[in-house]
Amino acid sequence: MRQNLIKKLYDYPFFKLNQLLNGISPPDHIAPILLHIGEPQIPPPQLLSDQIAKNSHLWAKYPPIKGSPDYLIAVGQWISKRYDFDGDIIDPNSHIMVACGTREALFLAAKLAVERKKPQLLDGQKPIIAMPNPLYHVYYGGTLMAGAVPYYLSANAENNFIPDFSKINDGILNRIAMIYLCSPANPVGKVASKSKLQDMIKLARKYNFILAFDECYSENYFNEPPIGGLRAAYDLDGKFDNILCFNSLSKRSSAPGLRTGFIAGDPQLIADFTMLRSYGGAQVAGPLMAAGAALWRDETHVENNRNHYRKLLKIADDCLGDLPGYIRPDAAFFLWLNVAKSGLTGEEAVKKLWQIAGVKTQAGKFMSRPENNTEENNTEENNNITPNITPGDDYIRIALVYDEDVMHNGLSHIGKILRDEG
């Protein structure tokens, strides 16, 4: 009997976190500190509200599904400046489309990829979508609902938390419709090198699948700006074939409620994606695109945000840097903290931190999937052959999203409790 896929979607990290903490409450005198979700608490710049008010007349108009001309131009200008493209290499009309944040776009990309791959498969073969493990849960949900088989490849200490998809065997690669690659990565905070990205692009073109670069943390870096998929592809051979890059203003501009981002890359994929979204995609309202265009054109607030996150990382270094499981991230605003040396699993640490200090974190297990003995068997069709062990079992994810005082308070509590356990 075919399993109800909607039931499988309940394997959702925040749903599972609520179940884990059900019946557990922090002391009444403690104000909870919610570090389990990557929701920036820095206020967005005033120009966001100003532009929405200035363009309020657009509420009365259906917005174009591909994006307003000014929004597409603003994104094209930002891409060209950020990734150092000359002249008219980036064409706003063919290389870019608006997105309602990145979540919906990443979810729908799975459907696009699967339908594109089906004619290439032998009868009876199911398409595969590969993803890093641990992962952003939308990759899993999009894969399931597109009718594909998820394939998980570990991002762990042995590979510096950057999965090596080139190790996938030909039998799997021939069935892959898409690979999700998150860099800077959620939750592990690592950045893939240019050579790693180009190896992935070569693989996508050899086996004709879509390479989906999730780059929503691209501007939340601490030192050097990460190279993006567009730049890596262009430096390879001057083409954007087989790639789609996803980005938004949620993290960059502290505007998660704006739900405004973009997809950029292969012109034919952009055209096909536009048609798909014309049927079922959420349109981004005109005033929101006007605000989004203004945000993409302004870098002052972005640098201010980066400086804030640098201060928070310094606090993390001071509060947790002596713990044996501490890993300093390259970018994004998460800590991927191994708590095993404190004698705890990730789930145990989450419960203890909440119950004792009112600090809510996310269990790494809930952001991961079980591992199998061999990579060729590492698909959901076969994942019952090994115990329920994931690469996130020993970890918790901590979001560095509040002001300095709140973060110092929360991280100090985490450090004390883990040291006491150790």
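Here the structure is a predicted model, which is why all the values come from computation and not from measurement.

### Some points on the pattern of salt bridges
Okay, step 1: What the rule picks out here adds up to 22 salt bridges.
Okay, step 2: The shortest N-O distance in the salt bridge between Lys196 and Asp164 comes to 4.0 Å. With a gap of 32 residues between them, Lys196 in helix 9 (residues 194-207) and Asp164 in the loop between strand 4 (149-154) and helix 8 (170-173) connect regions that are remote in the sequence.
Okay, step 3: By relative accessible area, Lys196 is classed as partly exposed at 22%.
Okay, step 4: We classify Asp164 as partly exposed; its relative accessible area is 24%.
Okay, step 5: A salt bridge links Asp393 to Lys365, with the nearest nitrogen and oxygen atoms 3.3 Å apart. With Asp393 in the loop between strand 11 (362-363) and strand 12 (395-399) and Lys365 in the loop between strand 11 and strand 12, this residue pair connects regions lying 28 residues apart in the sequence.
Okay, step 6: Classification of Lys365 as buried rests on a relative accessible area of 17%.
Okay, step 7: Because the salt bridges share partners, they merge into one network encompassing Arg82, Glu219, Glu303, Arg306 and Arg310.

### Concerning the nonpolar core
Okay, step 1: Core analysis: the biggest nonpolar cluster contains 57 residues, and Ile79, Phe165, Ile176, Ile243, Leu258 and Phe262 have the highest contact counts within it.
Okay, step 2: Discounting residues that sit within four places of it in the chain, Phe262 has contacts with Tyr71, Val75, Trp78, Ile79, Ile96, Met97, Val98, Ala99, Cys245, Phe246, Asn247 and Trp296.
Okay, step 3: Core analysis: the next-biggest nonpolar cluster, separate from the first, contains 45 residues, Leu17, Leu313, Tyr326 and Leu418 among them.

### Looking at the pairing of strand 2 (residues 96-99)
Okay, step 1: On strand 2, burial covers both faces: Ile96 and Val98 on one face and Met97 and Ala99 on the other are all buried.
Okay, step 2: The sheet contact formed by strand 2 and strand 8 (residues 261-265) spans four bridges and is antiparallel. Residue Ile96 lies in a different strand from strand 8, and its bridge partner there is Ala264.

### Observations regarding the sheet that holds strand 11
Okay, step 1: What the three strands build is an open sheet, ordered 9-12-11; its pairing is antiparallel. This sheet does not close on itself; its edge strands, each paired only once, are strand 9 (334-338) and strand 11.
Okay, step 2: As defined by bridge partners, strand 9 adjoins strand 12 across five bridges and the pair is classed as antiparallel. By the bridge assignment, Phe334 is partnered in strand 12 with Ala399.

### Description of the pairing of strand 7 (residues 243-248)
Okay, step 1: Of all the six residues making up strand 7, six are buried; the element is thus mostly covered by neighbouring parts of the structure.
Okay, step 2: On strand 7, burial covers both faces: Ile243, Cys245 and Asn247 on one face and Leu244, Phe246 and Ser248 on the other are all buried.
Okay, step 3: Bridge count between strand 6 (residues 210-214) and strand 7: four bridges; the pairing is parallel. If you follow Leu211 over to strand 7, its bridge partner there is Ile243.
Okay, step 4: The handedness of the strand 6 to strand 7 crossover, carried by helix 10 (residues 229-237), is right-handed.

### Remarks on the packing of aromatic side chains
Okay, step 1: The tally for this structure, following the rule as stated, stands at 18 aromatic pairs.
Okay, step 2: Counting every residue linked through ring pairs, the aromatic cluster contains Trp78, Tyr83, Phe262 and Trp296.
Okay, step 3: Across the ring face of Trp354, the terminal group of Lys360 is positioned such that the distance to the ring centre comes to 4.9 Å.
Okay, step 4: In this structure, Arg397 packs its charged tip against the face of Phe334, placed 4.0 Å from the ring centre.

### A short note on the environment of Ala349
Okay, step 1: Along the chain, Ala349 falls in helix 15 (residues 346-357).
Okay, step 2: C-alpha of Ala349 to C-alpha of Val138: the two residues are 211 residues apart in sequence and 25 Å apart in space.
Okay, step 3: If near-sequence neighbours (up to four positions away) are discounted, Ala349 is found in contact with Val339, Leu344 and Ile396.

Cut-offs used in this document
Within each chain, residue numbers correspond to sequence positions counted from 1 in written order. Only residues with pLDDT of at least 70 are given local features in this predicted model, and only at 80 or more are side-chain atom pairs given and counted; all residues enter the totals for whole chains, interfaces and linings. Based on all heavy atoms of the structure, the side-chain values leave hydrogens and waters out of the count. Only one rule defines a salt bridge in this text: a Lys or Arg side-chain nitrogen within 4 Å of an Asp or Glu carboxyl oxygen. Strands here are runs of E lasting at least two residues and helices are runs of H or I lasting at least four, both read from the DSSP assignment and numbered beginning at the N terminus. The buried label applies to any residue whose accessible area, calculated with a 1.4 Å probe on protein chains only, is under 20% of its type's maximum; exposed applies above 50%, and partly exposed to all values in between. Working definition of a nonpolar core: buried Ala, Val, Leu, Ile, Met, Phe, Trp, Tyr and Cys residues. They are joined through side-chain atoms within 4.5 Å. Note on definitions: a residue-residue contact is assigned when non-hydrogen atoms from the two residues lie within 4.5 Å. Strands pair, by our definition, only if DSSP identifies at least two bridges between them. By definition, the crossover connecting two strands over a helix is right-handed if that path, from the first strand to the second, turns clockwise as seen with the strands pointing away from the viewer. Pairing of aromatic rings covers Phe, Tyr and Trp, the last counted by its six-membered ring, and requires centre-to-centre distances within 6.5 Å; plane angles under 30 degrees mean stacked, over 60 mean edge-to-face, and any other angle means tilted. Each ring is checked for a lysine NZ or an arginine CZ that lies within 6 Å of its centre and within 35 degrees of its normal; such an atom marks a charge sitting over the ring.

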